[in-house]
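Chain by chain, the residues:
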Amino acid sequence: GLDGGRFVWPRLLDEFSRALPDYAWLTSIRQAGGPPDLQVQLDGFAANPLAITAYVRQLQRSPYVGQVRILGSQEQNVDGFSPHSFKLIVFYEEPAETLAADAAEGT
(Lines give C-alpha, C1' and ligand atoms only; values in the text may rest on other atoms or scores of the structure.)
Protein backbone atom coordinates (compact mmCIF):
# COMPACT_ATOMS: atom_id res chain seq x y z
CA GLY A 1 0.00 0.00 0.00
CA LEU A 2 2.91 2.39 0.59
CA ASP A 3 3.99 2.21 -3.04
CA GLY A 4 0.50 2.92 -4.41
CA GLY A 5 0.77 5.77 -6.90
CA ARG A 6 4.52 6.04 -6.39
CA PHE A 7 5.34 5.88 -10.08
CA VAL A 8 2.43 7.92 -11.45
CA TRP A 9 4.35 11.15 -11.98
CA PRO A 10 7.49 9.56 -13.47
CA ARG A 11 5.30 7.59 -15.88
CA LEU A 12 3.31 10.66 -16.88
CA LEU A 13 6.39 12.83 -17.34
CA ASP A 14 7.95 10.11 -19.48
CA GLU A 15 4.78 9.96 -21.62
CA PHE A 16 4.63 13.75 -21.96
CA SER A 17 8.20 13.92 -23.25
CA ARG A 18 8.00 10.78 -25.41
CA ALA A 19 4.87 12.01 -27.22
CA LEU A 20 6.17 15.55 -27.84
CA PRO A 21 6.69 16.05 -31.59
CA ASP A 22 9.49 17.99 -33.24
CA TYR A 23 9.04 21.76 -33.15
CA ALA A 24 6.90 21.68 -30.00
CA TRP A 25 7.92 22.39 -26.42
CA LEU A 26 6.30 22.54 -23.01
CA THR A 27 6.45 25.64 -20.83
CA SER A 28 4.45 24.41 -17.84
CA ILE A 29 3.26 21.15 -16.28
CA ARG A 30 0.98 21.37 -13.26
CA GLN A 31 -1.57 19.30 -11.43
CA ALA A 32 -5.10 20.43 -12.27
CA GLY A 33 -7.02 17.85 -10.25
CA GLY A 34 -5.98 15.48 -7.50
CA PRO A 35 -6.26 11.73 -7.12
CA PRO A 36 -8.11 9.53 -7.64
CA ASP A 37 -8.93 11.37 -10.90
CA LEU A 38 -5.53 12.94 -11.48
CA GLN A 39 -5.54 15.68 -14.11
CA VAL A 40 -2.48 17.51 -15.41
CA GLN A 41 -2.45 20.77 -17.35
CA LEU A 42 0.21 21.09 -20.04
CA ASP A 43 1.04 24.49 -21.51
CA GLY A 44 3.37 24.88 -24.43
CA PHE A 45 4.16 26.12 -27.89
CA ALA A 46 4.22 24.44 -31.27
CA ALA A 47 5.49 25.65 -34.62
CA ASN A 48 2.07 25.01 -36.17
CA PRO A 49 -1.37 23.58 -35.30
CA LEU A 50 -0.50 20.21 -36.88
CA ALA A 51 2.16 19.67 -34.20
CA ILE A 52 -0.49 20.23 -31.51
CA THR A 53 -2.77 17.68 -33.17
CA ALA A 54 0.11 15.20 -33.40
CA TYR A 55 0.89 15.69 -29.72
CA VAL A 56 -2.70 15.08 -28.65
CA ARG A 57 -2.88 11.92 -30.78
CA GLN A 58 0.40 10.58 -29.38
CA LEU A 59 -0.73 11.25 -25.82
CA GLN A 60 -4.03 9.45 -26.46
CA ARG A 61 -2.07 6.34 -27.49
CA SER A 62 -0.43 6.14 -24.08
CA PRO A 63 -1.67 3.42 -21.70
CA TYR A 64 -1.37 5.98 -18.87
CA VAL A 65 -3.61 8.60 -20.46
CA GLY A 66 -7.36 8.20 -20.34
CA GLN A 67 -8.32 11.40 -22.09
CA VAL A 68 -6.82 14.62 -23.48
CA ARG A 69 -8.77 17.86 -23.72
CA ILE A 70 -7.60 20.92 -25.61
CA LEU A 71 -8.39 23.99 -23.51
CA GLY A 72 -7.19 26.41 -26.13
CA SER A 73 -4.72 27.26 -28.84
CA GLN A 74 -3.76 30.56 -30.39
CA GLU A 75 -1.06 32.07 -32.53
CA GLN A 76 1.45 34.21 -30.64
CA ASN A 77 4.10 36.67 -31.75
CA VAL A 78 7.42 35.93 -30.07
CA ASP A 79 10.43 37.87 -31.37
CA GLY A 80 9.18 37.80 -34.97
CA PHE A 81 8.30 34.12 -34.79
CA SER A 82 4.64 33.05 -34.69
CA PRO A 83 4.32 29.82 -32.71
CA HIS A 84 0.95 28.54 -31.52
CA SER A 85 0.46 28.38 -27.78
CA PHE A 86 -1.63 25.53 -26.42
CA LYS A 87 -3.19 24.37 -23.15
CA LEU A 88 -4.16 20.74 -22.62
CA ILE A 89 -5.70 18.80 -19.76
CA VAL A 90 -4.49 15.22 -19.54
CA PHE A 91 -6.38 12.67 -17.43
CA TYR A 92 -4.26 9.92 -15.85
CA GLU A 93 -5.51 6.35 -16.21
CA GLU A 94 -4.02 3.25 -14.63
CA PRO A 95 -3.33 0.71 -17.42
CA ALA A 96 -5.58 -2.36 -17.43
CA GLU A 97 -2.60 -4.76 -17.19
CA THR A 98 -1.35 -3.00 -14.04
CA LEU A 99 -4.78 -3.23 -12.44
CA ALA A 100 -5.02 -6.94 -13.36
CA ALA A 101 -1.54 -7.60 -11.89
CA ASP A 102 -2.45 -5.77 -8.66
CA ALA A 103 -5.67 -7.79 -8.35
CA ALA A 104 -3.76 -11.04 -8.86
CA GLU A 105 -1.33 -10.07 -6.09
CA GLY A 106 -4.18 -9.16 -3.77
CA THR A 107 -3.29 -5.43 -3.47
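Our subject in this report is the structure included herewith. (Residues numbered from 1 in each chain as written. Predicted model: local features only at pLDDT ≥ 70, side-chain atom pairs only at ≥ 80, totals over all residues. Heavy atoms only, no water.)

1. Quick look at the environment of His84
The cut-off we apply is this: Each helix corresponds to a stretch of at least 4 residues labelled H or I by DSSP, and each strand to a stretch of at least 2 residues labelled E; elements are numbered beginning at the N terminus. Exposure categories follow from relative accessible area, calculated using a 1.4 Å probe and restricted to protein chains: below 20% of the type maximum is buried, above 50% is exposed, and the middle band is partly exposed. Here a residue-residue contact requires only that any non-hydrogen atoms of the pair lie within 4.5 Å.
Checked against the element boundaries, His84 lands in strand S4 (residues 84–92). Under the relative-accessibility criterion, His84 is labelled buried at 15%. As for His84 and Gly72, which are separated by 12 residues in sequence, their C-alpha atoms are 10.0 Å apart. Non-local contacts of His84, meaning those with residues more than four positions away in its chain, are made with Gly44, Phe45, Ala46, Ala47, Asn48, Pro49, Ile52, Ser73, Gln74 and Glu75.

2. With respect to the nonpolar core
Rules: Only buried residues count toward a nonpolar core. Its members are Ala, Val, Leu, Ile, Met, Phe, Trp, Tyr and Cys residues joined through side-chain atoms within 4.5 Å.
Core analysis: the largest hydrophobic core is formed by 21 residues, its most contacted members being Phe16, Leu42, Tyr55, Leu59 and Leu88. Looking at this core, the elements that each hand over two or more residues are helix H1 (8–19), strand S2 (39–46), helix H2 (49–60), strand S3 (65–75) and S4. Ranked by the residues each element gives to this core, the list is headed by H2, at five residues. Excluding residues within four positions of it along the chain, Phe16 makes contact with Leu26, Ile29, Val40, Leu42, Tyr55, Leu59 and Val90.

3. Let's talk about the pattern of salt bridges
Selection criterion: Salt bridges, as used here, are contacts in which a Lys or Arg side-chain nitrogen is within 4 Å of a carboxyl oxygen on Asp or Glu.
In total, this model carries four salt bridges according to the counting rule given. Between Glu15 and Arg18 there is a salt bridge, with the nearest N and O atoms lying 2.6 Å from each other. Here the residue Glu15 and the residue Arg18 both occupy positions in helix H1, the gap between them amounting to three residues, near one helical turn. According to the relative accessible area criterion, Arg18 is partly exposed, its value standing at 43%. A salt bridge links Asp43 to Lys87, with the nearest nitrogen and oxygen atoms 3.3 Å apart. Placement of the pair is Asp43 in strand S2 and Lys87 in strand S4, with a sequence separation of 44 residues.

4. What about the pairing of S2?
Basically, it comes down to this: Being paired, for any two strands, means DSSP has found at least two bridges between them.
With seven of its eight residues buried, S2 lies for the most part within the structure. Summarising the sheet, strand S1 (residues 24–33) and S2 pair through eight bridges and their orientation is antiparallel. Each residue of the ladder has a partner; that of Ser28, found in S2, is Asp43. Between S1 and S2, which pair antiparallel one after the other, the connecting turn spans five residues. In terms of strand pairing, S2 meets S4 through eight bridges, oriented antiparallel. By the bridge assignment, Asp43 is partnered in S4 with Lys87.

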